[in-house]
Amino acid sequence: MIVDVIVIGGGASGLAAAISVKKRNKQVLLIERENELGGILNQCIHNGFGLEVFKEEYTGPEYAYKFIEEFNDLKIDYLLNTTVIKLVKNGDEFVVTISSTAQGLKEIKAKAVIISSGCYERTRGQIAMPGERPRGVITAGSAQRYLNINGYMVGKKAFILGSGDIGLIMARRMHLEGAEVLGVAEIMPYSNGLNRNIVQCLNDFDIPLYLSHTVTNVESDDSKRLKAITIQQVDERFNPISGTEKRFEVDTLLLSIGLIPDITLLDDLSVEVDQKTKSSKINQAYETSVPGLFICGNSLQVHDLVDNVSKESSRAGNCTADFLENKFKPRKKINIIPGKNILYVAPQYLDFGWDFTDLIISFRSSKKLEKAIAKVYQGDNLVYQKRRTFVVPAEMETISFPYQELNDSQDIRVELEEL
Ligand SMILES: Cc1cc2nc3c(=O)[nH]c(=O)nc-3n(C[C@H](O)[C@H](O)[C@H](O)COP(=O)(O)OP(=O)(O)OC[C@H]3O[C@@H](n4cnc5c(N)ncnc54)[C@H](O)[C@@H]3O)c2cc1C
């Protein structure tokens, strides 16, 4: 038997992708390694989800439930407690190897695959943090899971390294659960979290934010539990400045030092990777360099808003259905390149074989700009521009414009011009 589409991952991305594929009357099987659908949303019990898609503010589980309801109404097939451990392509078919206690090892074939496997957290080892290796130094996402799903308090006196959204939200969560939160240190001169989270999670609770600071020492007590950390200010090359040391006696250090798209399943496929997004390069149909292999959600690019994950994944699902209906006719493709003040763009290619009306480009700025204009050039030709206020690397931007202006002779460049 061969399934039309296999969706790997049952978080916000996989749910939206599977729903849009099913609505196009294709057979779809979603595979999720956890014991429930919803992904990371299940542990995000704070509110702030859904303002764009539903025009209402939900908690993570409430937002997930909206999609799970629709998913169940459409009677989409899915497997829980099942991990995809291998993905290969044989001719035109994908072979997906799954592992579960119920079924053991099994192979399932598909005409197309959508990767919605989310992302993972950077750990202490990846930033070569100096000092001892005690208990009590954990990633903020793990702490969130212990607290919100398993009901375990992770410490009494905490410090947070990294001001990404998870770090900010966990600073507030730990405070509300009775821990003393002594501060958040951020190596960059600006926060990496959404502005609303700085206000609602730190300012509202008088939790200090130390910008241009990092942890330069970790001490443990006799039981090998964290005893204290030292933070230091850094210069513009991120070197610690001597004389700026501050020592905090804490039993917990939460790390919120970056998320990386999980593309381990692409290891056996010759997929082109973008070193900036740390994920696969895609064309405007969310298709990787392997025909029929699509990717979306946090496994494509780390999103700050779930609404954007759902919208993007729904589009990816529709493109997958187009692929199955042979709507794609191979033609020339051109590059989409990040220009001045742009960290990355997705998609990285515009493929003229796909018939679209609008080109949607996501990007992040490489620095904070109070006022800017997003400009898209083809060669020297300005094909699109839009004003932006308060652009920060922490917030993903999306622009959308019609194709008519574009031709297949020159690459496209996206820039942010400071005003
Ligand atoms: C702490 C935190 C706070 C956030 N706060 C907000 C907020 O306030 N507002 C907002 O709009 N957004 C917020 N977001 C962002 C948003 O929640 C996420 O971007 C979105 O939920 C990600 O969805 P996803 O499906 O791409 O990834 P995930 O939810 O991570 O789903 C990926 C799924 O794939 C499964 N999987 C992975 N590999 C395999 C495999 N090999 N086999 C089977 N299954 C697999 C995983 O188990 C997981 O369920 C927050 C995110 C985090 C982490």
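**Q** Before we go on, may I ask you to explain the packing of helix 1 (residues 12-23) against helix 6 (residues 306-324) in this structure?
**A** Two packed helices can be described by the angle between their axes and the distance between those axes. Following both chains from N to C, one finds helix 1 and helix 6 inclined at 35 degrees, their axes separated by 7 Å at the closest point. Where helix 1 crosses over helix 6, the two elements pack in a sense that is right-handed. Taken together, the residues of helix 6 that come into contact with helix 1 (itself represented by Ala12, Ser13, Ala16, Ala17, Ala18, Ile19, Ser20 and Val21) are Val306, Val309, Ser310, Ser313, Ser314, Ala316, Gly317, Asn318, Thr320 and Ala321. Grouping the constituent residues of the contact of helix 1 with helix 6 by class yields 10 nonpolar, eight polar and no charged.

**Q** When you look at the pairing of strand 6 (residues 82-90) in this model, what are you seeing that I'm missing?
**A** As a general feature of sheets, a regular strand has side chains that alternate between the two faces. Pairing between strand 6 and strand 7 (residues 93-100): eight bridges, direction antiparallel. Looking at strand 7, one finds that Thr83 is bridged to Ser99. Here strand 6 hands over to strand 7 after two residues, with Gly91 in that stretch at a positive phi of 60 degrees.

**Q** Where do I start with the sheet that holds strand 11 (residues 157-161) in this structure?
**A** The pairing of strands in a sheet happens through backbone hydrogen bonds and is either parallel or antiparallel. Judged by pairing direction, the sheet is parallel, and its five strands sit side by side in the order 10-17-11-12-13 without closing on themselves. The outermost strands of the open sheet, each flanked by one partner alone, are strand 10 (137-139) and strand 13 (209-211). Between one strand axis and the next, the sheet turns through 20 degrees on average, direction left out of account. Of the pairings in the sheet, the one linking strand 12 (residues 180-186) to strand 13 comprises three bridges and is parallel in character. Paired with Ala185 across the two strands is Tyr210, which belongs to strand 13. In this fold helix 4 (residues 165-176) packs onto strand 11, strand 12 and strand 17 (252-255), with an angle of close to 170 degrees to the strand it touches most, strand 12.

**Q** Whenever I open this one, the site of the ligand confuses me. Can you help?
**A** Taken together, 36 residues sit near the ligand, with Gly9, Gly11, Gly39, Gly118 and Gly297 positioned nearest. Counting residues per element, the ones that place at least two in the shell around the ligand are helix 1, strand 3 (47-49), strand 6, helix 3 (140-150), helix 4 and helix 6. Grouping the constituent residues of the shell around the ligand by class yields 14 nonpolar, 16 polar and six charged. Mapped onto the domain boundaries, the shell around the ligand takes at least three residues apiece from domain 1 (1-121 + 258-328) and domain 2 (123-257).

**Q** When you look at the sheet that holds strand 25 (residues 358-365) in this model, what are you seeing that I'm missing?
**A** Ordered in space as 23-25-28, the three strands form an open sheet in which the pairing is antiparallel. The open sheet has two free edges, formed respectively by strand 23 (342-346) and strand 28 (397-402), since each of these has just one partner strand. Taken pair by pair, the neighbouring strands of this sheet meet at an average axis angle of 25 degrees, ignoring direction. Relative to strand 28, strand 25 runs antiparallel, the two being bridged by six bridges. Paired with Ile361 across the bridge in strand 28 is Ile399.

**Q** How should I be thinking about the nonpolar core in this particular structure?
**A** Membership of the largest hydrophobic core comes to 66 residues, with the highest contact counts inside it found for Ile6, Val7, Ala18, Val113, Ile114 and Phe294. Top contributing element to this core by residue count: helix 1, with seven residues. Taken domain by domain, this core gets at least three of its residues from each of domain 1 (1-121 + 258-328) and domain 3 (331-419). Look past the residues within four positions of Val113 in its chain and what remains in contact with it is Ile6, Ile8, Leu87, Phe94, Val96, Gly292 and Leu293. Core analysis: the next-biggest nonpolar cluster, separate from the first, contains 34 residues, Ile169, Val184, Ile198 and Ile257 among them.

**Q** Can you walk me through the domain arrangement of the chain in this structure?
**A** When the parts of a complex come together, some accessible area is lost, and that lost area is often taken as the interface size. What the domain assignment lists for the chain is domain 1 (1-121 + 258-328), domain 2 (123-257) and domain 3 (331-419). Here domain 1 and domain 2 have C-alpha centroids that lie 31 Å from each other. Of the residues belonging to the side of domain 1 that touches domain 2, the class tally is one nonpolar, four polar and two charged.

**Q** I'm lost on helix 1 in this one. Help?
**A** Along an α-helix, residues three or four apart share an orientation, since each turn contains 3.6 residues. An ideal rise of 1.5 Å per residue puts 16 Å on 12 residues; helix 1 measures up with 17 Å between its terminal C-alpha atoms. Of all the 12 residues making up helix 1, 11 are buried; the element is thus mostly covered by neighbouring parts of the structure. Where helix 1 is buried, its residues contact strand 1 (2-8), strand 2 (28-31), helix 2 (60-73), strand 8 (104-115) and helix 6. A positive phi of about 60 degrees marks Asn25, the residue just after helix 1.

**Q** Looking at this structure, I do not really get helix 5 (residues 195-202). What am I missing?
**A** For helix 5, every residue scored as buried is listed here: Asn197, Ile198, Cys201 and Leu202. Each buried residue of helix 5 sits inside an arc of 105 degrees when the element is viewed along its axis, so together they form one side. Away from the buried face of helix 5 by more than 90 degrees, exposed residues Asn195, Arg196 and Val199 are located. In this structure, the buried residues of helix 5 make contact with helix 4, strand 12 and strand 13.

**Q** So what exactly am I meant to see when it comes to the packing of helix 4 against helix 5 here?
**A** With their axes 8 Å apart at the nearest point, helix 4 and helix 5 run at an angle of 20 degrees to one another. On the basis of the axis angle, helix 4 is roughly parallel to helix 5. When you trace helix 4 past helix 5, the crossing you get is left-handed. Residues Asp165, Leu168, Ile169, Ala171 and Arg172 of helix 4 touch helix 5, and the partners they reach there are Asn197, Ile198, Cys201 and Leu202.

**Q** So what exactly am I meant to see when it comes to unusual backbone geometry here?
**A** Leave glycine aside and you will find that most residues have negative phi; peptide bonds, for their part, are mostly trans. Omega for the peptide link from Ala346 to Pro347 comes to 5 degrees, which places this bond in the cis form. Relative to the assigned elements, Pro347 resides in the loop between strand 23 and strand 24 (349-351). The phi torsion at Lys75 lies on the positive side, around 55 degrees, for a residue other than glycine. Residue placement: Lys75 occurs in the loop between helix 2 and strand 5 (77-79). Of note in the backbone geometry, Ser212 takes a positive phi value of approximately 55 degrees without being a glycine. Along the polypeptide, Ser212 turns up in the loop between strand 13 and strand 14 (213-220). The exposure class of Ser212 is partly exposed, given the 18 C-beta atoms found within 10 Å.

Conventions and cut-offs
- Residues numbered from 1 in each chain as written.
- Predicted model: local features only at pLDDT ≥ 70, side-chain atom pairs only at ≥ 80, totals over all residues.
- Axes fitted to C-alpha atoms, helices over the stretch in contact; angles between N-to-C directions.
- Helix = DSSP H or I, 4+ residues; strand = E, 2+ residues; numbered from the N terminus.
- Left-handed = near helix turned anticlockwise from the far one by under 90°.
- Contact = placed C-beta atoms within 7 Å.
- Nonpolar A, V, L, I, M, F, W, Y, C, P; charged D, E, K, R; others polar.
- Pairing = 2+ DSSP bridges.
- Near = placed C-beta within 6 Å.
- Domains from an automatic or database assignment.
- Core = buried A, V, L, I, M, F, W, Y, C linked by C-beta atoms within 7 Å.
- Buried ≥ 20, exposed ≤ 12 C-beta atoms within 10 Å, placed from the backbone.
- Expected span 1.5 Å × (residues − 1).
- Arc of directions from axis to C-beta.
- Parallel < 35°, antiparallel > 145°, perpendicular 65-115°, else oblique.

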